[in-house]
Amino acid sequence: MRSVFLWAFLLAGFTSFAQKQQDFHSWAATPPMGWNSWDCYGPTVTEAEVKANADYMSSHLKQYGWQYIVVDIRWYVGNDKSHGYNEKNPDYNIDEYGRFQPAINRFPSAANGQGFKPLADYIHSKGLKFGIHIMRGVPVIAVNKKLPVKGTNVTAADIYSEANQCKWLHDMYTVVPGKTGSQEYYNSLFELYASWGLDFIKIDDLSAPIYFKEEIEMIRKAIARTGRQIVLSTSPGETPLAQGEHVQQHANMWRTVDDFWDNWPHLKDHFEVFDRWNKWRTTGAWPDGDMLPLGRIGIRAERGEPRMSAFTRDEQYTLMTLWCIFRSPLMFGGNLPDNDNFTLSLITNKRVLQVLNNSSNNKPLFNEEEKAAWIADIPGKSGKYLAVFNKADKEPAPVAVDLNALGLKGKCTVTDLWTGKVVGKFTGSFAPQVNPHGAGLYQITQ
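Sequence order as written defines the numbering, with residues in each chain counted from 1. Whole-chain, interface and lining totals are the exception, using all residues; otherwise, since this is a predicted model, local features are given only for residues with pLDDT of at least 70 and side-chain atom pairs are given and counted only at 80 or more. Hydrogens and water are ignored here; the side-chain numbers use all heavy atoms of the structure.

- For the chain, the name recorded in an unreviewed UniProt entry is Alpha-galactosidase, with Chitinophaga rhizophila as its organism.
- UniProt positions are given in the numbering used here, feature names are shortened, and annotations may be inferred rather than shown by experiment. Per its UniProt entry, the chain bears the Catalytic activity (unreviewed entry) comment "Hydrolysis of terminal, non-reducing alpha-D-galactose residues in alpha-D-galactosides, including galactose oligosaccharides, galactomannans and galactolipids."
- The UniProt entry for the chain carries this comment under Sequence similarities (unreviewed entry): "Belongs to the glycosyl hydrolase 27 family."

Structure follows, in structure tokens:
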């Protein structure tokens, strides 16, 4: 009888842990919407710049569902640079357990061992959520110094491998799964991040060109162990489609492309990418088309000089329409305080954001060389959301859709979601004229 009780106890514990592992999907019930520092500040963003973007989001965007403020790469380096990384003489900030700390010259509130907690507290006071970027693995400097792994008798030098080191940034070594201290190292990282009040983590060099399955599982366990709801974003590149089921079960969002910048070929590629990834989207697990290179970008970034997005206005409508009908996370890349009225209008259209946050059965209707269309159901209604795209380079063209084939028989009312105006009533077909590189987004009801 005693063994039966013991077995029941162990089974209950395992069930509880399994439930915790799955509950994380509810932490991102709709695609996450936020700001990320990479497109405008690369690895050099400062505390003042982060706060300025948080202030803007709180005042102008929070009411539309925008909530995350994310500090991107190398916040732990005091002397990094734009257009690449300083790997010659980086000024690392690291604690006694081999965990990077914010560079105090860039983040003054991190002084006296406070880490990112004061900045997180500030962002939380604005009704927003705080996130950071990290690289997969254990710091090379921690290995070289043989810094201890918190809560163990081993050091960083006992859990690392030089195999599969990141090709484009050499701050980290691989953590070897199964080694004593490997899971504990990730546990100690997320204990620290939870103590700071972290809500979002973007982890780089995790999913492409190599998909580090066991390391992703270690991270998932470490997050669950904290008891804090930390949304997990994996990066970079196109996650292997063969790992679609695994990443869906372990991450809240995952990258589907390499870094996305403000040029039409990059944007056009997303029609095929989103077609491939569409079946893997589910509530709380979102394929990620990468950040939105909109507004003022390139201030101290990896690519280009300071500029307003090089996308034309039609291309910007295409970008927002495609991301919303596909239900990709929206992470704005520009410096928010520099937004012009047009940029602000793109990201605060309630009708368009309703498609992002409250649509279902989203799927491509067709994807041709010069034209494409997507449809989605409107929960609780018999109508459809319809997105149409003209991928051609030169002339406006009609993009025809057979309404009967969508089950919309009889007279239908079509509303332009970008303008809010009723376009008219249509029977049998609808063929809006669309500018080259442009898009239309509509609600069709009967």
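What follows picks up the thread again.
### Examining the overall build of the chain
Then comes step 1: Helix numbers and strand numbers start at the N terminus; a helix is a DSSP run of H or I with at least 4 residues, a strand a run of E with at least 2. For the chain, the helix and strand inventory stands at twelve helices and 23 strands.
Then comes step 2: Rg of the C-alpha trace for the chain: 23 Å, near the compact-globule value of 22 Å for 446 residues, within the 12% margin.
Then comes step 3: Considering only C-alpha atoms, the chain reaches an extent of 75 × 65 × 40 Å along its principal axes.
Then comes step 4: Each residue is assigned to one of three classes by its accessible area relative to the maximum for its type, calculated with a 1.4 Å probe on protein chains only: buried under 20%, partly exposed between the two thresholds, exposed over 50%. Residues counted as buried form 56% of the 446 residues belonging to the chain.
Then comes step 5: Every residue pair with non-hydrogen atoms within 4.5 Å of one another is taken to be in contact. Expressed as a percentage of contacts within the chain between residues at least 6 apart in sequence, the contacts between residues at least 24 apart total 73%.
Then comes step 6: A total accessible area of about 18000 Å² is found for the chain, and carbon and sulfur atoms account for 50% of it.
Then comes step 7: In this count, Lys and Arg are taken as positive residues and Asp and Glu as negative ones, while His and the chain termini are left out. To locate a charge, take atom NZ for lysine, CZ for arginine, CG for aspartate or CD for glutamate. Taken as two groups, the 47 positive and 47 negative side-chain charges of the chain have centres that lie 6 Å from each other. The globule rule is 2.2 Å times the number of residues to the power 0.38, and the radius of gyration it is compared with is taken over C-alpha atoms. Surface exposure here means Shrake-Rupley accessible area, sampled with a 1.4 Å probe, where a residue is shielded only by the protein chains that are shown.

### Some points on the side chain of His-246
Then comes step 1: Secondary-structure assignment places His-246 in helix 8 (residues 244–250).
Then comes step 2: Polar contacts, as used here, are pairs of N or O atoms within 3.5 Å; protein pairs need one atom able to donate a hydrogen and one able to accept it. Residues neighboring in sequence count only if both atoms are side-chain atoms. Polar contacts involving the side chain of His-246 include one to the side chain of Tyr-211, which spans 2.7 Å.
Then comes step 3: A polar atom in the side chain of His-246 sits 2.8 Å from the side chain of Glu-217.

### Brief notes about the packing of aromatic side chains
Then comes step 1: Ring pairs shown here join Phe, Tyr and Trp side chains whose ring centres sit within 6.5 Å, with only the six-membered ring taken for Trp; geometry is labelled stacked below 30 degrees between planes, edge-to-face above 60, and tilted in between. Applying the stated criterion to the full structure yields 28 aromatic pairs.
Then comes step 2: Measuring from ring centre to ring centre gives 5.4 Å for Tyr-193 and Trp-196, while their planes differ by 40°; the resulting arrangement is tilted. Of the two residues, Tyr-193 and Trp-196 are both situated in helix 6 (residues 182–196); the distance of three residues between them amounts to about one turn of the helix. Like Tyr-193, the residue Trp-196 is buried in the burial classification.
Then comes step 3: Judged by centre distance (5.3 Å) and plane angle (25°), the rings of Phe-260 and Trp-323 are stacked. One end of the pair, Phe-260, is in the loop between strand 9 (253–255) and helix 9 (264–277); the other, Trp-323, is in helix 10 (residues 313–326), and 63 residues separate them in sequence.
Then comes step 4: Pairwise contacts between aromatic rings join Trp-75, Tyr-76, Tyr-92, Phe-100, Phe-107, Phe-116, Phe-130, Phe-190, Tyr-193 and Trp-196 into one cluster.
Then comes step 5: The positively charged end of Arg-220 is found above the aromatic ring belonging to Phe-24, 3.8 Å away from the centroid.
Then comes step 6: Placement of a charge over a ring requires the Lys NZ or Arg CZ to be within 6 Å of the ring centre, with the centre-to-atom vector within 35 degrees of the ring normal. The ring of Phe-326 carries the charged tip of Arg-281 above its face, separated from the ring centre by 5.2 Å.

### Regarding the nonpolar core
Then comes step 1: Trp-66, Trp-75, Ile-132, Phe-190, Tyr-193, Ile-201 and Leu-330 are the most contacted members of the largest nonpolar core, which has 123 residues in total.
Then comes step 2: For Tyr-193, the residues in contact, after removing those within four places along its chain, are Ile-132, Ile-134, Leu-198 and Ile-201.
Then comes step 3: As used in this record, nonpolar core signifies buried Ala, Val, Leu, Ile, Met, Phe, Trp, Tyr and Cys residues forming a set joined through side-chain atoms within 4.5 Å. Listed in part, the 15 residues of the second largest apolar core include Ala-373, Val-399, Tyr-442 and Ile-444.

### Structural notes on the environment of Thr-415
Then comes step 1: With respect to the secondary-structure elements, Thr-415 resides in strand 19 (residues 411–416).
Then comes step 2: Among the residues examined, Thr-415 registers a relative accessible area of 18% and is labelled buried.
Then comes step 3: For Thr-415, the residues in contact, after removing those within four places along its chain, are Gly-420, Lys-421, Val-422, Val-423, Leu-441, Tyr-442 and Gln-443.

### Focus on the pairing of strand 20 (residues 422–427)
Then comes step 1: When DSSP finds two or more bridges between a pair of strands, those strands are recorded as paired. Bridging between strand 19 and strand 20 involves five bridges; their strand directions are antiparallel. In the sheet register, Lys-411 faces strand 20, and the bridge partner there is Thr-427.

### Points about the sheet that holds strand 6 (residues 172–175)
Then comes step 1: Taken in spatial order, the three strands line up as 4-6-5 in an open sheet, and their pairing is antiparallel. Two strands lie at the open edges of the sheet, namely strand 4 (138–139) and strand 5 (160–161), each paired on one side alone.
Then comes step 2: Note that strand 4 and strand 6 share two bridges and pair antiparallel. Paired with Pro-139 across the two strands is Met-172, which belongs to strand 6.

### Side note on the environment of Gly-298
Then comes step 1: Locating Gly-298 in the fold gives a position in the loop between strand 11 (296–297) and strand 12 (307–308).
Then comes step 2: The class of Gly-298 is buried, set by a relative accessible area of 1%.
Then comes step 3: In this structure Gly-298 touches Asp-39, Cys-40, Arg-303, Gly-304, Glu-305, Pro-306 and Arg-307, once residues within four positions along its chain are discounted.

### Some remarks on the sheet that holds strand 16 (residues 384–390)
Then comes step 1: Spatially, the six strands line up as an open sheet ordered 14-15-16-23-19-20, and their pairing is antiparallel. Bordering the open sheet on either side are strand 14 (360–367) and strand 20, each of which pairs with just one other strand. Geometrically, the sheet is characterised by an average inter-axis angle of 25° between neighbouring strands, direction not taken into account.
Then comes step 2: Here strand 19 pairs with strand 23 (residues 438–445) via four bridges, running antiparallel. Fitted lines through C-alpha atoms give the axes, limited to the stretch in contact for helices. The angle between two N-to-C directions lies from 0 to 180 degrees.

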